[in-house]
Amino acid sequence: MKWSLFFMITGLISISNFSNAQCFQIESILVDACGSPEGENEMVRMKVGNQNMNVNSLSISWPNNNFQGFCSNSQTGSKVAQMNATVLTCGYFVEPEFGVIPANSDVLIITSEDFDPSSHNYNGLQDTLVVIFQCGGNTQGHFANWTNSCDPLAGDRTLVISSGSSCTQTVTYNRCSLVNQMGGTGGSSAERDGAKVDFDVNGQATYTNEGCTIPYDPLLVEIDFLGSNGEICSAGNLEVSASIVGVYSNPVWESQSGSFSNQNGLLTIYSPDVNSTDHYIYFNIENGCGDIISDSLLIEVIAQPICSNGIVASHKICVGDSVELNYVSENNILWNTGSNEESIFVSKEGYYTVTASNNCGSCIDSFYVEIVEVDANFDLSTYYGPAPLVVEVENYVYNGNDNWFVNNSGVPYESSFLFDSEGTYDIELEKMDGESGCSDILIQTVIVEGVSPQLNPEIFEIPNVFTPNQDGENDVFGFTIQNDYTVEVVILNRWGNIVKEADIDVNAGSFVKLWDGSVNNSIANDGVYFYKLKVTSKIGSQVQDFQGYVHLFH
């Protein structure tokens, strides 16, 4: 009585916040229908409340055309049979028995008994739809489609459906908002076919276009991540959720590589298995036909970087060289030099570390670089002398990788060299490190003079040692001469550098002071020095050349 009294007072109103306890709700209008004439193929879908409804109690106020009433006959029965023949799922069309629409039914109103069943697709129907046909007579459209000259301010169109005097719903759409099959507006007539308007319980319009398909509720499922993009550490977890439109049963999450905190809920926490790689998770539901409807998400598993926790490689380089260190990783890398490149060039000895990191952790690997120093070192017993001259090799440790050369010609290693002819000889040692290939070269020069003439002991004797230590004995290298001479003197060190050069005018019986053992006012080092003398007699200009070596000791 309260329900009836309410409507008696208010009269005809638009239904909002529909529930199955009320009369009905308009859910969808197929405005731009397929087939020709269009006015015979348009459709309206509505939901009946929890009470049966008599078809004859229904009346419709179309935006265009008059309402012709409803017909049920052999022609409409044939149309329903043709529609059912094309349904591939478990859905079914049925006309109301004895003109009564059962409570809670989904109803499809078709605008003419002359409807063309081949004009639309029914494949995806999953529920039973009660079909009622308006009687024939209207061939022009009952609604208003999009046009090029569409003015939104004048584009509203209103549909009113009533059931008796107590139950009415009014819905309104704007023809300028109708969309084509690409989701835009306009286009050819074929592209605009299928324009549909869905209404929620508050009468709010949503504009869609699914082509030449009847306006029924498809079962839709979509899953998504909550607060993440699907990337997860191998030991982590993430939240996922499912949203469903339509009637469904048996929801279940599935994965071959992990587990869910709530296997059957719309909200769950997913944990991948240890050591799993990228994989998909699935959410499955069943429609009214028992078919599985599913959605999936890609889980991208990020593994924690793995390092050797030690020295990846050791490198030996020669003095002055550099080496390229390479570290290939799919993670972010940072060298202790500050570089984040995969390759760096280094020339200093020591440890070089590289850190590999991502959102799930980090680890460190190391490289060691060793600089190999090779020292080609040896001494010779003498660097000057007359032929034949024997030169001993001193302060040298033989290495099987070493190479010896004399004047660029390879020679076998000997502990001494014999030079029996006058000339300059470069003795070269190429010292090698067999493992690294590093080398060093040292060249020492030996000067071999021709045979020295015999000194005339009656004229002078040249000493072969002196000790310039300022003790008053043998402090100067020189000799006593019996006649008048001029003496040209040149003294060289073991490397052939001149340390003293002079012309000396000597009278008979005088001491010829050749060298005091100093070089540039500094004391010369102990060692062997080579001298050359050119002695010229003042009488007769007789010339004699002398050469030899003298030892200097302090």
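Residues numbered from 1 in each chain as written. Predicted model: local features only at pLDDT ≥ 70, side-chain atom pairs only at ≥ 80, totals over all residues. Heavy atoms only, no water.

To continue, consider a nonpolar patch on the surface. A grouping of Y280, Y282 and L298 is seen on the molecular surface, where their side chains present a nonpolar patch of about 280 Å² in accessible area. Residue placement: Y282 occurs in strand β20 (residues 279–286). (Patch = residues over 30% accessible without salt bridge, like charges linked within 9 Å, V, L, I, M, F, W, Y side chains within 5 Å. Areas by Shrake-Rupley, 256 points an atom, 1.4 Å probe, with all protein chains shown as cover. Salt bridge = Lys/Arg side-chain N within 4 Å of Asp/Glu carboxyl O. Helix = DSSP H or I, 4+ residues; strand = E, 2+ residues; numbered from the N terminus.)

This part covers the sheet that holds strand β4 (residues 58–61). Judged by pairing direction, the sheet is antiparallel, and its three strands sit side by side in the order β4-β10-β11 without closing on themselves. The open sheet has two edge strands, β4 and β11 (167–174), and neither has a second partner. When the angles between neighbouring strand axes are averaged without regard to direction, this sheet yields 15 degrees. Sheet topology note: the β4/strand β10 (residues 156–163) ladder contains four bridges and is antiparallel. The residue of β10 that forms the bridge with S59 is S162. (Pairing = 2+ DSSP bridges. Axes fitted to C-alpha atoms, helices over the stretch in contact; angles between N-to-C directions.)

Attention now moves to the pairing of β20. Moving residue by residue along a regular strand, the side chains alternate between the two faces of the sheet. In terms of strand pairing, strand β17 (residues 249–254) meets β20 through four bridges, oriented antiparallel. Of the residues in β20, the one forming a bridge with W253 is F283. Judged from the eight bridges that link them, β20 and strand β21 (residues 292–302) form a sheet pairing that is antiparallel. Following the sheet pairing, N284 is matched in β21 by S294. The hairpin formed by β20 and β21 contains five residues between the paired strands, and G290 there has a positive phi angle of roughly 85 degrees.

Attention now goes to the state of the cysteines. Throughout this description, disulfide means a covalent bond between two cysteine sulfur atoms. Summed over all chains, the structure comprises seven disulfides. Shown here is the disulfide that connects C34 with C212, its sulfur atoms set 1.8 Å apart. Torsion about the S-S bond of the C34 and C212 cystine: about -90 degrees, corresponding to left-handed handedness. Here C212 lies in the loop between β13 (205–209) and β14 (220–226) and C34 lies in the loop between β1 (24–30) and β2 (43–48), a separation of 178 residues in the sequence. Relative accessible area serves as the criterion here: at 4%, C34 is assigned to the buried category. In this model C307 forms its disulfide with C363; the gap between the sulfur atoms is 1.9 Å. Residues C307 and C363 share a disulfide whose torsion about the S-S bond is about 65 degrees; that sign makes it right-handed. Of the two residues, C307 is situated in the loop between β21 and β22 (311–318) and C363 in strand β27 (residues 361–372); the sequence distance between them amounts to 56 residues. Accessibility assignment for this pair places C307 and C363 in one class, buried. (Disulfide = S-S within 2.5 Å. Buried < 20%, exposed > 50% of the residue type's maximum accessible area, 1.4 Å probe, protein only.)

So, on to the confidence of the model for the chain. When pLDDT is averaged across the chain, the result is 87; 93% of the residues are at 70 or more. The low-confidence segment residues 1–21 (pLDDT under 50) makes 37 contacts with residues lying over four places distant or belonging to another chain. (pLDDT = per-residue confidence, 0-100. Contact = heavy atoms within 4.5 Å.)

Below, the discussion takes up a negative patch on the surface. A cluster of acidic residues, E488, E501, D503 and D545, forms a negative patch on the protein surface. Tracing the backbone through its elements, the reader meets E488 in strand β38 (residues 485–492). A relative accessible area of 39% places E488 in the partly exposed class. (Lys, Arg positive; Asp, Glu negative; His and termini not counted. Charge placed at Lys NZ, Arg CZ, Asp CG, Glu CD.)

The end-to-end C-alpha separation of helix α2 (residues 74–85) is 16 Å, in line with the 16 Å expected for twelve residues at 1.5 Å each. Listing the buried residues of α2 in full gives T76, K79, V80, M83 and N84. For α2, the angular spread of buried residues about the axis comes to 135 degrees, placing them on one side. With respect to the buried face of α2, the exposed residues turned more than 90 degrees away are S74 and A85. On its buried face, α2 sits against β5 (70–71), β6 (92–94), β8 (106–110) and β9 (128–134). Two or three places before Q75, at the opening of α2, N73 has a side-chain oxygen 3.0 Å from that residue's backbone nitrogen. (Expected span 1.5 Å × (residues − 1). Arc of directions from axis to C-beta. Polar contact = N/O pair within 3.5 Å; in protein donor to acceptor, adjacent residues only side chain to side chain.)

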